[in-house]
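Observations on chain architecture
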Amino acid sequence: MRLAAGTGSALESPPPAKIVPRDAREGLGAWFPLGPKRTGTTTAAEMEPGSESRKSSTLFAGFRALGLFSNDIPHVVRYSALKRRFYVATCVGKSFHTYDVQKLRLVAVSNSVPQDICCMAADGRLVFAAYGNVFSAFARNKEIVRTFKGHKAEIHLLQPFGDHVISVDADSILIIWHIYSEEEYLQLTFDKSVFKISAILHPSTYLNKILLGSEQGSLQLWNVKSNKLLYTFPGWKVGVTALQQAPAVDVVAIGLMSGQVIIHNIKFDEILMKFRQDWGPITSISFRTDDHPVMAAGSLCGHIGLWDLEDKKLINQLRNAHSTAVAGLTFLHREPLLVTNGADNALRIWIFDGPTGEGRLLRFRMGHSAPLTSIRYYGQNGQQILSASQDGTLQSFSTVHEKFNKSLGHGLINKKRVKRKGLRNTMSVRLPPITKFAAEEARESDWDGIIACHQGKLSCSTWNYQRSTIGAYFLKPKELKKDDVTATAVDITSCGNFAVIGLSSGTVDVYNMQSGIHRGSFGKDQAHKGSVRGVAVDGLNQIAITTGSEGLLKFWNFKNKTLIHSMNLSSSPNMMLLHRDSGILGLALDDFSISVLDIETRKIVREFSGHQGQINDMTFSPDGRWLISAAMDCSVRTWDLPSGCLIDCFLLDSAPLNVTMSPTGDFLATSHVDHLGIYLWSNISLYSVVSLRPLPTDYVPSVVTLPGTCQTQEVSEEKIEPSDEMIEYSSPEQLNEQLVTLSLLPESRWKNLLNLDVIKKKNKPKEPPKVPKSAPFFIPTVPGLVPRYAAPEQNNDPQQSKVVNLGILAQKSDFCLKLEEGLINNKYDAPLNLLKELGPSGIETELRSLSPDCGGSIEVMQSFLKMIGMMLDSKRDFELAQAYLALFLKLHLKMLPSEPILLEEMTKLSSQVEENWIHLQSLFNQSMCVLNYIKSALL
């Protein structure tokens, strides 16, 4: 088998240059009935059968992650000859993103793999990604087309090699695979104690040869076709960290653990030049190929050094190019562009167009570089999520598309001073991380609409979402000069005019957002004796609620700052959250319980317990029916406020720090410990039937994996078909024998029975119908309301008599026959069902034929009246009984008094009808009186 040479290196084939929230106050009595408070769990006896099968979340399904752009895996750059564009792929956990370098636009998100990706590589057709001891080949930046299994240790190096690919694992076992057959071509085993492979390179124009670097410092050149070691380079007794082909043939750049970069000629084993940087080991190396002899080297500090290869000196530095180690850097072929990525969740493109060759940032995609501290939905459309992080930035992520993301930047202590002096290193003047913030979009175009408090700082900063920058004011009391006092809680009114700030000293201040002027404080000296744990203002700026670490909850008049009511809590509060539309207040306490209050009655209406760790955050559903809490026990629990029960719970691998629900109710967003992204969970109840039955006390939730950046397309059957847990309910024909029940027949079957003669006159044709010249063929049908095809008559008896039987002409109808049977067995369901199937004309015909003059009899008429009496006794089909009786009286009223039997039945029916109607009329009158009182009384 022959291995193609030169195709493994990019240098050898250069490319041509609303759910609308309802007011829960209207149904507060039904939501929170008076009576004993219940805990969040229910006993097994109260639980419906079948809930033991619930193990995962029935309300929320993982959708995708936001804010993830890169990690510590080096990126790969590909060139598409068809589109003549460069593409860069960055790893984000279990999948990778592909961006168009021209606009840095997201092109594709790959399918997820079972484990986190540990290394990547690419050629002109495929992208290779290794996870664990397996690696796969992706086509079209998305689909897995090949999977290679054979390693026993984790793979950490991949190198495409023509129609082959080389993989190296942690045990220094090198395997060469044929891409299309997925078969092993060659396997090389190295002793880890002598030669542990740390870098691999296919030198340009070196047919069937690879260069291996080791952690011991030596290098080896192998011919993989003949399986021979050609040459061993002794090295420099320092581990090799990077190997890169130089634009010149036979020249390779070698990065070392000591921070040195050796430009080495591997043909003659000669050192051409040496460079050294003081930032630690070399992480990656790249060369410019646009006629500028420049080499770039990355470091663990996030700095990038640029070296002139002709003058052999350092010509420029990109300080703090990344806040963490530079994972990978690549100069685009024949372009003055440098692509870099790092573990700080950033992908950046630098352009070198300055007069002295200095670089500047051209484009970037950046998320948070440190774990998040707080997230909240911004606005009412549910499309933006504001997030604050320990890296000191405030950013907005779009749930629709990455192009709508924006960063509000770092908070600066003195923004004007930084601009005036032109400081490049702003680390010394940056504000500490934001711990809590509140936002309101009502007046965002007029002045700042975001207020945030910072870690260990007294002053609170304002931010402007529309201008994407820090605001004009720092809000803090002027007379307070203590260093140990910090801002602990913030809120902004629904009108966007006022900000309420709680301090660790117990003081609660009100500021004007437009001018930044202090507008008063609650209480004489301080609102609470302990640290303020939460502040909130209702939707009409009438009541302000504050809570302190001493265990008190206080209600204040927002306008004159006077105390209205104070109440003791069972434990010290940890946080507080107000649902303004419904006036429901949630309190998370230090004893891991949750209390829910009604701010109108100022009473605790619900108490929930079940968390086994500190409650980090809470959120309400838009309609105020659910309270969702996240705690350090790694659980996310959903509490149903009307029933006071726990209806959903699931566990996560990492403890959730923040949780917020979309104003439209479609997504739940969470952030977690040691995670840089925001994770979206779709609300299953919006597109599927879910069971909201309470969970038992012994319910053990299962661990749910966090969603990836690839949108979940397939939902398991357990989630889309939770109807197995739903109890099928079929409504009986009559709920109770004492209730009057109407039939399900349309009004056209019975309402116009008395006016049928008038309707027939109106509908009488003006002229006789004309017979068509050539009538089409129709299948004969049986007359009736429900059209049915007539079955052909089968004459099985060939000797049937042709004499006409005149007795058939006088045969009684089925209705009359059923009525006669009813006199004997006293069962009238059969004749009643026959009447229900007939239309108004058919009903009139049947009732008219009951008379002796029309072929009926007195006994049949008596049986009909008994049937009406049965309907009135059972109180079923009430309107049909009235309509049938009215038509019967209209047709036969003249002959009824002359028949004693019929007169006796009529007397019984009269008393029944009068009794039923008096009962109904009393209920109608009572309801009308109550309705008129409510409409006219001054409540």
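Above this text is the structure in question.
Thresholds, definitions, all that
Residues numbered from 1 in each chain as written. Predicted model: local features only at pLDDT ≥ 70, side-chain atom pairs only at ≥ 80, totals over all residues. Heavy atoms only, no water. Helix = DSSP H or I, 4+ residues; strand = E, 2+ residues; numbered from the N terminus. Buried < 20%, exposed > 50% of the residue type's maximum accessible area, 1.4 Å probe, protein only. Areas by Shrake-Rupley, 256 points an atom, 1.4 Å probe, with all protein chains shown as cover. Disulfide = S-S within 2.5 Å. Phe/Tyr/Trp six-rings, centres within 6.5 Å; stacked < 30°, edge-to-face > 60°. Lys NZ or Arg CZ within 6 Å of the ring centre and 35° of its normal. Pairing = 2+ DSSP bridges. Axes fitted to C-alpha atoms, helices over the stretch in contact; angles between N-to-C directions. Expected span 1.5 Å × (residues − 1). Contact = heavy atoms within 4.5 Å.

Broken down by element type, the protein chain carries ten helices and 59 strands. Taking all 939 residues of the protein chain together, the buried fraction comes to 50%. Here the protein chain displays about 46700 Å² of accessible surface, and carbon together with sulfur accounts for 52% of that area.

Under the definition given, this model contains zero disulfides. Free cysteine Cys119: the closest other cysteine sulfur is in Cys118, separated by 4.7 Å.

Let us look at the packing of aromatic side chains. Taken as a whole and assessed by the stated rule, the structure comprises 20 aromatic pairs. Feature note: the residues Phe128, Phe135, Phe148 and Trp177 constitute an aromatic cluster, connected by ring pairs. Geometry around Phe558 places Lys561 over its ring, the cationic atom sitting 5.5 Å from the centre. Between the NZ or CZ atom of Arg602 and the centre of the ring of Phe555, over which it lies, the distance is 5.7 Å.

The subject of this paragraph is the sheet that holds strand E2 (residues 76-80). Reading across the sheet, the four strands line up as E2-E3-E4-E5 and stay open at both edges, with antiparallel pairing between neighbours. A single partner strand is all that each edge strand has here, and the edge strands are E2 and strand E5 (105-109). Each neighbouring strand pair of the sheet contributes to a mean axis angle of 30°, computed without reference to strand direction. In terms of strand pairing, strand E4 (residues 96-100) meets E5 through four bridges, oriented antiparallel. Residue pairing for E5: His97 is matched across the bridge by Val109.

The next thing to look at is helix H8 (residues 858-874). Across its 17 residues, H8 extends 25 Å between first and last C-alpha, which sits within 8% of the 24 Å expected from 1.5 Å per residue. For H8, the buried fraction is high: twelve of the 17 residues fall into the buried class. Taken together, the buried positions of H8 are Ile858, Val860, Met861, Gln862, Ser863, Phe864, Leu865, Met867, Ile868, Gly869, Met871 and Leu872. Buried residues in H8 make contact with helix H5 (814-825), helix H6 (829-837), helix H7 (840-848), helix H9 (878-892) and helix H10 (900-936). Taken from the residues just after H8, Lys875 is the one with a positive phi, measuring 60°.

This next bit is on the sheet that holds strand E28 (residues 346-351). Read from one edge to the other, the open sheet built from four strands follows the order E26-E27-E28-E29, with strand pairing classed as antiparallel. The strands lining the two open edges of the sheet, one partner per strand, are strand E26 (326-331) and strand E29 (360-366). Across the sheet, the mean angle from the axis of one strand to that of its neighbour is 15°, orientation sign disregarded. Sheet analysis places E28 next to E29, joined by six bridges and oriented antiparallel. What sits directly across from Ile351, in E29, is Arg360.

This next bit is on the environment of Leu587. Of note, Leu587 is situated in strand E47 (residues 584-589). Sequence-distant contacts of Leu587, that is, excluding residues within four places in its chain, are made with Thr547, Leu553, Leu569, Pro573, Met575, Met576, Ser593, Ile594, Ser595, Leu597 and Met618.

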